[in-house]
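# Notes for the structure review
Spelled out from the first residue to the last, the chains are:
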Amino acid sequence: MSQQGYVAAPPYSQAQPGMGGYQGGFGTGPAQPLYGYYGGPPQAFTAPPTGMMKLPVSSAAGMPPPPESSQYNPNVHQNGAHHQRYPAPPAVSASYGQPLQSQYNSMASSAPPPTQQLTNQMSAMNFGNYASGPMQSPPPVSSVAQQPFQTPPPSAMGQPQMPPGAQSPHMSPQMSPPQLQPGNMQMAGQPMTGPPMSGPLMSGQPMTVPPMTGMGRPFPGPPACQPGYPQQAGQFGGNMAGPQPGMPGAFPGAPGGLAGPPQKKLDPDSIPSITQVIEDDQGKQGGKVYKTNLRGQVPPLVTTDFTIEDQGNASPRFIRCTTYSLPCTADLAKQCQVPLASIIKPFASLQKNETPLYVVNHGETGPIRCNRCKAYMCPYMQFIDGGRRYQCGFCNCVNEVPVFYFQHLDHMGQRMDIYERPELSLGSYEFVATMDYCKNNKPPNPPAYIFMIDVSYNNIKSGLVKLICDELKNLLENLPSEEGMESSAIKVGFVTYNKVLHFYNVKSALAQPQMMVVSDTAEMFVPLLDGFLVNYQDSRAVIYNLLDQIPDMFADTNESETVFVPVIQAGVEAFKAAECSGKLFIFHSSMPSAEAPGKLKNRDDKKLVNTEKEKTLFQPQKGVYEQLSKDCVAQGCCVDLFLFPSQYMDIATMADVPSHTGGSVYKYNNFQVETDGEHFLRDLRKDVQKSIGFDAIMRVRTSTGFRATEFFGAIHMNNTTDVEMAAVDCDKAITVEFKHDDALSEETGALMQCALLYTTINGQRRLRIHNLSLNCSLQLSELFKSCETDSLVNFFSKSACRAILNQPLKNVREILVNQTAHMLACYRKNCASPSAASQLILPDAMKVFPVYINSLMKTAPLVGSTELSTDDRAHQRLAIMGMGVEDTQLLLYPRLTPLHNMDVSSEALPAPVRCSEERLSDSGMFLLENGHSMFLWLGQASPPDLIQNIFNLPSLAHLQGNMCALPELDNPLSIKVRSIISGLIEKRANSMKLQIVRQKDKPEMLFRQFLVEDKGLHGGASYMDFLCYVHREIRQLLT
């Protein structure tokens, strides 16, 4: 039976330079070295002499072998070979003897004459199904084929795009609307020349497609300029295609003089939709129990609401993988280019109805481990010899079972007590660690929290200091504590600072707090030991007293200079003296300009954007900051930074310590207590109360054949295997990439074990173990079937964010597009049924992957626009590095929910719609959120009763601009909308500030940059244009 791929056939008669506003298109290969993966060894690349083609050696970093000539459409002309990042196929015959074109062939390279272009468009038409008989059993895929020239080629940045509705009336009589064939969801367009075909297309009769000329180059250029229309410079360099007479909206294409059917736009509903994929998965697996007893099973999506029952593999809340079926050999991995990685969130929160982790205590002997590879006892250990020995599942070493641990085996060879021991039957559990696992072989003290408040002029004047002091009185009552404990074991301390530091003695015996000042910030020390870190319950009265006094003490300050590094050093010294780990909460408002270690100068330079040196804007300043990160990690001192900037602060440098110690950075630009106070306090409450482990070290072990090679996260690495984190909380994820070092076997599969040693908030040393088993396969189709798009996107987001530290943005974007095209081309070539080259076929598990990659390239760090603040870009880059799968999914595809037509009596949330302007309606109300920002968008024709029910105002015109919360009104709509908003704010890792925007108001521009399927405000293609572009890249790889 022939299984279908997801198909779409857009036109590629012509592309324009600077597609969608990315410089010089995204296709051109990087100028200097050829990069494999990010971070792969760069390769010098010598151009071969003209006339002969030499293959560059595949880099160790995993470049695939050259694509063979395509088995689908061998007669497509190769129009000039190019050096791309992926080597071109070797020249076999003299027919390739055209001179080599440079990779940067002039963007306006000769295009076929207009008549020829039209013929190309006509000939690219493609209909029908595939020939039956799959090549390998391909994954189930959905499929849609469209008329090939429904999309206009991507319009250059800045040209108006025609509204989608405008073209539909132009359907010529011969173009009967696409017919849906039942069964395989394939839409077949009717031919546009000749009489209409009668009846639906016959299955299994693919029509042949004449070869398209003009397709070989990275960009066939724009047509020669018509008289009277001078070429304009595109916004990002390169020329914009001149408008053409006779075409509405200035789309290049057939000039008006030529008779031909009018162009019809590709129907946006026919290309894969993320909201549809999410809805389908929720429909299929939502509300069900997912059991983890099978090796290599793909879990429901992160967006699906389901319950997990641990039956021998770690819950997907703790570990998700880019694919659950690893290729057996390094060659297969190289061929498919799918990164092999897992995203580990060791402290992930479980749902209320899921069992918390069991704690196993083996007493003095400690956890049982393999003698050779040191893996911990887990369900993958095979007991033999009547239960006296066990074979390690990771390295196959045979170990003796300790006497106290001996148990007889049953007739199946399993231990009789398998279900009584969590470490033999579950994927995740904890061991109580012995003294051998503690620093200096003595038990750790409970951690401490130090609150460090910048009391310079700005923070006093804005009311921030008073706000913090008032909130701390409530917060300290709710410090996190272990299950079943009366009160928290966490000690607390307080520091205020401007260009000197003030420490407070809040010992319970004192009547009044005492202040000690350290003005020598070059040699930082803590002036008191006893009374600085105290138990809150004991010293409550003194602490209340202090928090009341701080705002008054500094009320008349004129000091605007601050220090920063000495503040963190003071925290590290305090933890050293108290022999504990802990967290610093630093509330800071300006660039540290006072004379002290870590003083910073303004180095913001917009002229560097889109140049080779742009990467320096993201690189932290070296020296004292680098050493400080190491000192923090060594002491188990995590830093959380709350920033309140009114101008550039050099976040790339200031946030370097939090981003290596497992900390978080929160940022409130131009902070005002009235509008931002509640937002900040919600963040602070979440941050203080979340579950967390301190002084952590993590190692990922794997079975033979592959190993962990790269780690991404808010982490520090002293060597290649140990991931060190001063703290790790329930929102932080570490992304781990794996590489083959030998062949894997289909029978035994692949195993991984993540072991995290940490100190609990009670001061107990523990080991948290997560185990996962994956399948291995020699069939690429299995790998593609088992892919998880959301995890792939997390991996690409983090590797791109790391790559921009040492490569030009342009190269990073090119690598992203190249690798996307490569993965999809490999699927097309090896797993899909044969079909016409003009069809775009995507694996079912990855059909929305291009939406996410396009959205990633439009994020602030990767877009390269002078309109974005350098600090915002650096902040988002660092935030992405610590994100888990659900966070990157939501960031790159915000949830857009219509609230105007929902059923207020139902419990269910309204279904989200696609993230595009086309989905908004003038009379509608929509909520958009991406985990960091939240908008309530109101159409200009919103009915008065809607406005009355939500805002208690007669009409939209009465709405004030700076409203940041909805009034509490007693009507069903208001209650429902407010409960949806507060539910989302509660659910996300960060609190979000609600911004209310009216259609056509100025602030609406801010909202529009989150509509990721549309063209980017600061550059970047629409989803449709990007899909067409990727399709063309795929065809080039296959020809």
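Residues numbered from 1 in each chain as written. Predicted model: local features only at pLDDT ≥ 70, side-chain atom pairs only at ≥ 80, totals over all residues. Heavy atoms only, no water.

On record in UniProt, under Sequence similarities (unreviewed entry), the comment for the protein is "Belongs to the SEC23/SEC24 family. SEC24 subfamily." (UniProt positions renumbered as here; feature names shortened; annotations may be inferred.)

## Structural notes on the packing of helix α7 (residues 464-475) against helix α13 (residues 673-689)
Their axes nearest at 11 Å, the elements α7 and α13 cross at an angle of 35°. In this structure, the crossing between α7 and α13 has a hand that is right-handed. Only Val673, Gly677, Phe680, Leu681, Leu684, Arg685, Val688 and Gln689 of α13 make contact with α7, whose side of the interface consists of Leu464, Leu467, Ile468, Glu471 and Leu475. For the contact of α7 with α13, a count of residues per class yields nine nonpolar, two polar and two charged. (Axes fitted to C-alpha atoms, helices over the stretch in contact; angles between N-to-C directions. Helix = DSSP H or I, 4+ residues; strand = E, 2+ residues; numbered from the N terminus. Left-handed = near helix turned anticlockwise from the far one by under 90°. Contact = heavy atoms within 4.5 Å. Nonpolar A, V, L, I, M, F, W, Y, C, P; charged D, E, K, R; others polar.)

## Section: the packing of helix α17 (residues 849-857) against helix α24 (residues 1023-1038)
α24 packs onto α17 with a crossing angle of 110° between their chain directions and a minimal axis gap of 10 Å. As far as their axial angle goes, α24 and α17 are roughly perpendicular. Helix-helix and strand crossings are classified by hand; for α17 and α24 the assignment is right-handed. On α24, the residues touching Pro850, Val851, Ile853, Asn854 and Met857 of α17 are Tyr1023, Phe1026 and Leu1027. Across the contact of α17 with α24, the residue classes break down as seven nonpolar, one polar and no charged. (Parallel < 35°, antiparallel > 145°, perpendicular 65-115°, else oblique.)

## Some words on the pattern of salt bridges
Inspection of every chain in the model, using the stated rule, returns 48 salt bridges. A salt bridge links Arg685 to Glu678; its shortest N-O distance comes to 3.3 Å. Of the residues examined, Arg685 reaches a relative accessible area of 26% and is grouped as partly exposed. Across the pair Asp731 and Lys690 runs a salt bridge whose closest N-O atoms are separated by 3.2 Å. Note that Asp731 is positioned in the loop between β27 (723-729) and β28 (734-740) and Lys690 in the loop between α13 and β24 (692-702), a separation of 41 residues in sequence. Look at the salt bridges and you will find they share partners, linking Lys583, Asp640, Asp687, Lys690, Asp729, Asp731 and Lys732 into a network. (Salt bridge = Lys/Arg side-chain N within 4 Å of Asp/Glu carboxyl O. Buried < 20%, exposed > 50% of the residue type's maximum accessible area, 1.4 Å probe, protein only.)

## Overview of the sheet that holds strand β34 (residues 934-938)
Spatial strand order, β32-β33-β34-β35: four strands in an open sheet with mixed pairing. Two strands close off the open sheet at either side, each with one partner strand: β32 (895-898) and β35 (994-998). Mean inter-strand twist for the sheet, computed between neighbouring axes without regard to direction, equals 20°. Strand direction decides the pairing type here: β32 and strand β33 (residues 925-929), joined by four bridges, are antiparallel. Within the sheet, the bridge partner assigned to Arg895 lies in β33 and is Glu929. Packing of helix α22 (residues 972-987) onto the sheet brings it into contact with β33, β34 and β35, and relative to β33 it is tilted by some 10°. (Pairing = 2+ DSSP bridges.)

## Examining the sheet that holds strand β8 (residues 319-321)
Pairing is antiparallel across the open sheet formed by four strands, whose spatial order is β8-β10-β28-β25. Pairing within the sheet leaves two strands with one partner each, and these edge strands are β8 and β25 (706-712). Averaged over neighbouring strand pairs, the angle between their axes works out to 25° when direction is ignored. Strand direction decides the pairing type here: strand β10 (residues 341-344) and β28, joined by four bridges, are antiparallel. Among the inter-strand pairings, Ile343 is bridged to a residue of β28, identified as Thr735.

## Notes on a nonpolar patch on the surface
On the surface, Met515, Val517 and Met553 cluster together to form a nonpolar patch covering roughly 250 Å² of accessible area. Among the secondary structure elements, Met553 is positioned in helix α8 (residues 540-553). According to the relative accessible area criterion, Met553 is partly exposed, its value standing at 37%. (Patch = residues over 30% accessible without salt bridge, like charges linked within 9 Å, V, L, I, M, F, W, Y side chains within 5 Å. Areas by Shrake-Rupley, 256 points an atom, 1.4 Å probe, with all protein chains shown as cover.)

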